[in-house]
Amino acid sequence: QVQLVESGGGLVQAGGSLKLSCAASGSTFSINALGWYRQAPGKQRELVATIYNSGVTNYADSVKGRFTISRDNAKNTVYLEMNSLKPEDTAVYYCNARTFARLRWDDDWGQGTQVTVSS
């Protein structure tokens, strides 16, 4: 199992920037991809961005050009740099680790960090 701890959330005005961090520990050898999801009140959790071990990234259309995902493999940390923030980006942001071990895929989650964008 992988343990994930997020940090960096907060309150920001529209047009501002925030950078989220997520540190992974535990069975990090089993990680295939790290990603960020978000969940706004009354809505389903949705994918924001993913970065695979190969370095390939994937973004939701709503954040393309504004958000950048990156990772520091030496620190087992994934980052989400968010620019040009909009009120609709307000949500709890969750770090995700997609793992493969013992012939089984699994997902591990962080506790979430609140991002609030005021208009």
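Just above sits the structure.
Presented here is a report on the structure given in the accompanying data block. (Residues numbered from 1 in each chain as written. Predicted model: local features only at pLDDT ≥ 70, side-chain atom pairs only at ≥ 80, totals over all residues. Heavy atoms only, no water.)

Some remarks on unusual backbone geometry
Inclusion rule: A run of DSSP states H or I qualifies as a helix once it reaches four residues; a run of E qualifies as a strand once it reaches two. Both are numbered from the N-terminal end. Each residue is assigned to one of three classes by its accessible area relative to the maximum for its type, calculated with a 1.4 Å probe on protein chains only: buried under 20%, partly exposed between the two thresholds, exposed over 50%.
The phi torsion at N76 lies on the positive side, around 50 degrees, for a residue other than glycine. Following the sequence through the fold, N76 ends up in the loop between β7 (67-72) and β8 (77-82). Residue N76 is classed as partly exposed on the basis of its relative accessible area, which comes to 30%. Even without a glycine there, the phi angle at S84 is positive, about 50 degrees. Mapping S84 onto the fold places it in the loop between β8 and β9 (91-101).

Here we look at the environment of V56
In this structure, V56 sits in the loop between β5 (46-52) and β6 (57-59). In this structure V56 comes out as partly exposed when scored by relative accessible area, which is 47%. Separated by 23 residues in the primary sequence, V56 and A33 have C-alpha atoms spaced 9.4 Å apart.

Remarks on the side chain of T50
Spelled out, the test is: Contacts were defined at the residue level, with two residues in contact if any of their heavy atoms lie within 4.5 Å.
With respect to the element layout, T50 can be found in strand β5. With residues near it in sequence (within four places) discarded, T50 still touches A33, L34, G35, V56, T57, N58 and I69.

Comments concerning the pairing of β8
Strand residues, when the strand is regular, have side chains that alternate between the two faces of the sheet. This is how the line gets drawn: We treat two strands as partners when DSSP finds at least two bridges between them.
Of all the 6 residues making up β8, 5 are buried; the element is thus mostly covered by neighbouring parts of the structure. Across 6 bridges, the pairing between strand β3 (residues 18-26) and β8 is antiparallel. Paired with A23 across the bridge in β8 is T77. Summarising the sheet, β7 and β8 pair through 6 bridges and their orientation is antiparallel. Bridging from a neighbouring strand, T68 pairs with E81 of β8. The hairpin turn running from β7 into β8, its antiparallel successor, is 4 residues long, and N76 in that turn takes a positive phi close to 50 degrees.

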